[in-house]
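# Commentary on secondary and tertiary structure
What follows is each chain in one-letter form.
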Amino acid sequence: MRTSDGELYLNPKWLQKSEKKLKRLQRQLSRKKKGSNNREKQKKRLAKLHEKVANQRRDYLHKISYNIVKNNDIICIEDLQVKNMMKNHKLAKSIANAGWRMLDKYLQYKAEKERKIFVKVKPAYTSQRCSRCRKIVEKDLSVRVHKCECGLEIDRDVNAAINILREGLRHLGIAA
């Protein structure tokens, strides 16, 4: 995730890092006899690892949201339809692991608590529209750099963040 001032928040991919252990524990569970004490112990080990991954994700998202709310008076984010995005089986695991919905909720309640302005913006063309000349430059998701005829060449996510901020300020009636 990038902010409009270019700050980068990496996705640590907690689930992918623990996948090997999860697979091993799941395999061990499947080999245990149903109803046995050893199966119950193995279930607890597996649940404990799932809980650890969830706790790591939650902790990281709390830290990110705190940092964003602390350093900004106006927070503008895309109003993404995460549920619909999860239908894409190629991206679903990464989207779920990033915890976009959770981050959205954390930002919203922390902004409210700190009396900061929180705005959700329609995501239409935010990454395709040039933040300098406002022209739409179509590109695939694999293209990570925004290049426009006007000469602007920046990271696609920074371009989108600038567009999201500009649209959020427009919603508030503030000239950007």
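Residues numbered from 1 in each chain as written. Predicted model: local features only at pLDDT ≥ 70, side-chain atom pairs only at ≥ 80, totals over all residues. Heavy atoms only, no water.

Before going further, it helps to examine the overall build of the chain. Of the regular secondary structure elements, the chain holds six helices and four strands. In the chain, the order of α-helices and β-strands from amino to carboxyl end is α-α-β-α-α-α-β-β-β-α. At 20 Å, the chain has a C-alpha radius of gyration far larger than the 16 Å of a compact globule built from 176 residues. Taken along its principal axes, the extent of the C-alpha atoms in the chain is 65 × 40 × 25 Å. A buried classification covers 32% of the 176 residues belonging to the chain. Put simply, 60% of the contacts in the chain that link residues at least 6 apart link residues at least 24 apart. Only carbon and sulfur atoms are counted for the fraction: they give 51% of the accessible area of the chain, which is about 12,000 Å². Charged side chains of the chain number 45 positive and 19 negative; the gap between the two group centres comes to 12 Å. (Helix = DSSP H or I, 4+ residues; strand = E, 2+ residues; numbered from the N terminus. Rg over C-alpha atoms; globule rule 2.2 N^0.38 Å. Buried < 20%, exposed > 50% of the residue type's maximum accessible area, 1.4 Å probe, protein only. Contact = heavy atoms within 4.5 Å. Areas by Shrake-Rupley, 256 points an atom, 1.4 Å probe, with all protein chains shown as cover. Lys, Arg positive; Asp, Glu negative; His and termini not counted. Charge placed at Lys NZ, Arg CZ, Asp CG, Glu CD.)

Turning our attention to the state of the cysteines. Across all of its chains, the model carries zero disulfides by this definition. The structure places no disulfide on Cys133, whose sulfur is separated from the nearest cysteine sulfur, that of Cys148, by 3.5 Å. Residue Cys133 is classed as partly exposed on the basis of its relative accessible area, which comes to 33%. Distance from the sulfur of Cys150, which forms no disulfide, to the nearest cysteine sulfur (Cys130) is 3.7 Å. (Disulfide = S-S within 2.5 Å.)

Time to look at the environment of Val158. Relative to the helices and strands, Val158 resides in helix H6 (residues 156–172). It is 50 Å that separates the C-alpha atoms of Val158 and Lys32, two residues lying 126 residues apart in sequence. Val158 has contacts with Arg2, Thr3, Ser4 and Gly6, leaving out every residue within four places of it along the chain.

Moving on, we get to the nonpolar core. Judged by nonpolar contacts, Tyr9, Leu61, Ile64, Ile68, Val69, Ile75, Ile77, Leu103, Tyr106, Leu107, Ala111 and Phe118 together constitute the single largest core of 12 residues. At the level of elements, helix H2 (37–71), strand S1 (74–78) and helix H5 (100–113) are the ones that each hand at least two residues to this core. Ignoring anything within four residues of it in the chain, the contact list for Phe118 reads Ile75, Ile77, Asp104, Leu107, Gln108 and Ala111. Within the second largest apolar cluster, five residues are counted, among which are Leu25, Leu29, Leu46 and Leu49. (Core = buried A, V, L, I, M, F, W, Y, C linked by side-chain atoms within 4.5 Å.)

Overall, the coordinates contain two aromatic pairs when judged by the stated rule. Taking 6.3 Å as the distance between ring centres and 75° as the angle between the ring planes, the aromatic pair formed by Trp14 and Tyr60 counts as edge-to-face. Separated by 46 residues along the polypeptide, Trp14 in helix H1 (residues 14–31) and Tyr60 in helix H2 bring together distant segments of the chain. Its relative accessible area of 23% is what places Tyr60 among the partly exposed residues. Residues Tyr106 and Tyr109 carry aromatic rings whose centres are separated by 6.2 Å and whose planes lie at 85° to one another, so their mutual orientation is edge-to-face. One end of the pair, Tyr106, and the other, Tyr109, are both in helix H5, three residues apart, so they sit about a helical turn from each other. (Phe/Tyr/Trp six-rings, centres within 6.5 Å; stacked < 30°, edge-to-face > 60°.)

For Thr126, the location among the structural elements is in the loop between strand S2 (117–121) and strand S3 (145–147). The class for Thr126 is buried, based on a relative accessible area of 7%. In terms of polar contacts, Thr126 uses its side chain to reach the side chain of Glu78, at 2.6 Å. Discounting chain neighbours no more than four positions away, the residues touching Thr126 are Glu78, Asn159, Ala160, Asn163 and Ile164. (Polar contact = N/O pair within 3.5 Å; in protein donor to acceptor, adjacent residues only side chain to side chain.)

Attention now goes to the environment of Asn159. When you line up the elements, Asn159 lands in helix H6. Between the C-alpha atoms of Asn159 and Lys116, which are 43 residues apart in sequence, the distance is 23 Å. For Asn159, the residues in contact, after removing those within four places along its chain, are Thr126, Ser127, Arg129, Cys130, Ser131, His146, Leu152 and Ile154.

All quantities given are derived from atomic positions and should not be read as evidence of function.
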